[in-house]
Amino acid sequence: MIHLDRGSSVPVRQQLYARIRELIVQGNLGADTQLPSSRTLAVELGVSRNTIVAAFDQLIAEGYLDARVGAGSFVAVQLPDALGKSVRAAPHIVRATGRREVRLAGETLTRRNTSPPSLPVRPRAFALGVPSVDEFPYAAWGKIVAKRWGRSAASLSAYGAPGGLPALREVIADYLVTSRGVRCNPSQVFVVGGSQQGLNLAVRVLLDRDDPAWMENPGYHGAREAFDAVGARIVPVPVDADGLDVQAGEAAERHPRLIYATPSHQFPLGMTMTMRRRAQLLACASNADAWVFEDDYDSEFRYSGQPLPALQGLDDEDRVIYAGTFSKGLLPSLRLGYLVVPPDLVEPFQRAHTVSGLDGSLLDQTVVADFIREGHFARHIRRMRRLYATRRELLVESLRRHLGGMIDVGLPASGTHLVVYLRDGVSDVDACRVAAANGVVMTPLSSAYIGTGQSGLLLGYASVRGPLIERGVRQVASALRSLVPASPVRPLDHRVAG
Ligand SMILES: Cc1ncc(COP(=O)(O)O)c(C=O)c1O
């Protein structure tokens, strides 16, 4: 625990004194701990015994150590007053954990009482944002793993480069240019540990404490928490049928530093941002000199209408940071996603990516690259789109049968969940609690709002097989009936968003 720097201009006696004091202050040497004898320490550290004795004497004189005749030196039970004061006056937050006080510099990062996303081991109706992992082509994947591991084990076992595996960056750039209308070259692509990690990287590079950041309201809690973690000032901006309400945003804060948006498929309501609104948003970002974070989290799954190209492709001023994920199209457990950053940001992101530890194993990255190049990805997406469309229809039918009159359904043109709007006075949090007791997972819509929001249920259907959908809806119906026993019947209105 003691390292002495012989090349330092600080005398060894002083270094030794400072280090032991630090160990005591930080609690590494607890009260009443016996220190090794001066003779033993002198041998271990390779310094003269006089040096040790001098350092001990100073610590004893200042009250950090007690000398007990014939027994040796012990850490004082009562530390000097000045010490207690200096600990308490530290600019960090002191938090009682029940066992001891812990100083947390990252107070904003840790204060939220968020539970980790609940990903049930077996598919559960109606877990949000979970793809059908049962249907994944594991055999094809396994063959690529075996081939790559056999051929290139050594080269896949070293450290990767910032930005990710070059072959995967190329494949992603190709895919985004052809399928999403993104304008980029591979050097702008960063392979990250899921889009959440991409968000974290982006906010750490782009936002300082108290910088205003526009957040869709309702919106994605993961983005809100990433902003909060860096101490940004979150400005909630409402959404309407056209997507993020830019005018309302400008009325609330004219100079955001960053704007978070989900233009392809607003989370959680599901509308697609219109072209007019996109142009308005880019003009606003230009006036404010702001960055835009475009979260394109599940654009692969569109069931009707033509997909609009990514906002990034319309951006002539290089303000948009585009984010996508393999969590929906492949597997959430891979923890792989990607950012496309404007050319000016490539270097800063490279440095930040190195500091944050790089992401994703090289084996996984090379397998994903092959999986896409060999056509498995496109095939899998096509199959899943058909499957999810069927499950979505089943869910709507089942809701109509069991809940017609009690709810309205928001049916987005894309994605993996739908929105069930509850009538006024019915608490979505209560409904979720009652359903959870019967084994059905739902997410309350109101939890996606900053401030009070509409009552509703977010039902994920992608991972839920037909019979489970029917059974799950019966549980939802019984939960709602228990909360509104005598509700008048109204016809089901399919509000189609997007
Ligand atoms: C709006 C939104 N963005 C991003 C993600 C994906 O996060 P990740 O790529 O970290 O799995 C999700 C997950 O459900 C989401 O709902």
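What this report covers is the structure whose coordinates are included nearby. (Residues numbered from 1 in each chain as written. Predicted model: local features only at pLDDT ≥ 70, side-chain atom pairs only at ≥ 80, totals over all residues. Heavy atoms only, no water.)

**Some details on helix H11 (residues 275-288)**
Then, in step 1: For H11, built from 14 residues, the straight-helix expectation of 20 Å at 1.5 Å per residue is met to within 8% by its first-to-last C-alpha distance of 20 Å.
Then, in step 2: Among the residues of H11, Arg277, Arg278, Leu281, Leu282, Cys284, Ala285 and Ala288 are the ones counted as buried. Within H11, the buried residues cover an arc of 160 degrees as seen down the axis, which keeps them to one side. Turned more than 90 degrees off the buried face of H11, the exposed positions are Arg276 and Asn287. (Helix = DSSP H or I, 4+ residues; strand = E, 2+ residues; numbered from the N terminus. Expected span 1.5 Å × (residues − 1). Buried < 20%, exposed > 50% of the residue type's maximum accessible area, 1.4 Å probe, protein only. Arc of directions from axis to C-beta.)

**A closer look at the side chain of Gln266**
Then, in step 1: In this fold, Gln266 is placed in the loop between strand S9 (258-261) and H11.
Then, in step 2: What makes Gln266 buried here is its relative accessible area of 1%.
Then, in step 3: Within polar-contact distance, the side chain of Gln266 engages the side chain of Glu216 at 3.4 Å.
Then, in step 4: Other than its neighbours up to four places away in sequence, Gln266 contacts Glu216, Pro218, Gly219, Val239, Met271 and Tyr297. (Polar contact = N/O pair within 3.5 Å; in protein donor to acceptor, adjacent residues only side chain to side chain. Contact = heavy atoms within 4.5 Å.)

**Here's the deal with the site of the ligand**
Then, in step 1: The ligand sits among Gly194, Ser195, Gln196, Tyr220, Tyr260, Phe267, Asp295, Tyr297, Thr325, Ser327, Lys328 and Arg335.
Then, in step 2: Within the side chain of Thr325, one N or O atom sits 2.6 Å away from an oxygen atom of the ligand.
Then, in step 3: Notes on the ligand: free accessible area 400 Å², of which the protein chains cover 89%.
Then, in step 4: Sort the elements by how many residues they give to the shell around the ligand and helix H8 (residues 194-206) lands first, with three residues.
Then, in step 5: Classifying every residue of the shell around the ligand by side-chain character gives four nonpolar, five polar and three charged. (Near = heavy atom within 4 Å. Areas by Shrake-Rupley, 256 points an atom, 1.4 Å probe, with all protein chains shown as cover. Nonpolar A, V, L, I, M, F, W, Y, C, P; charged D, E, K, R; others polar.)

Nothing here speaks to function; it is geometry throughout.
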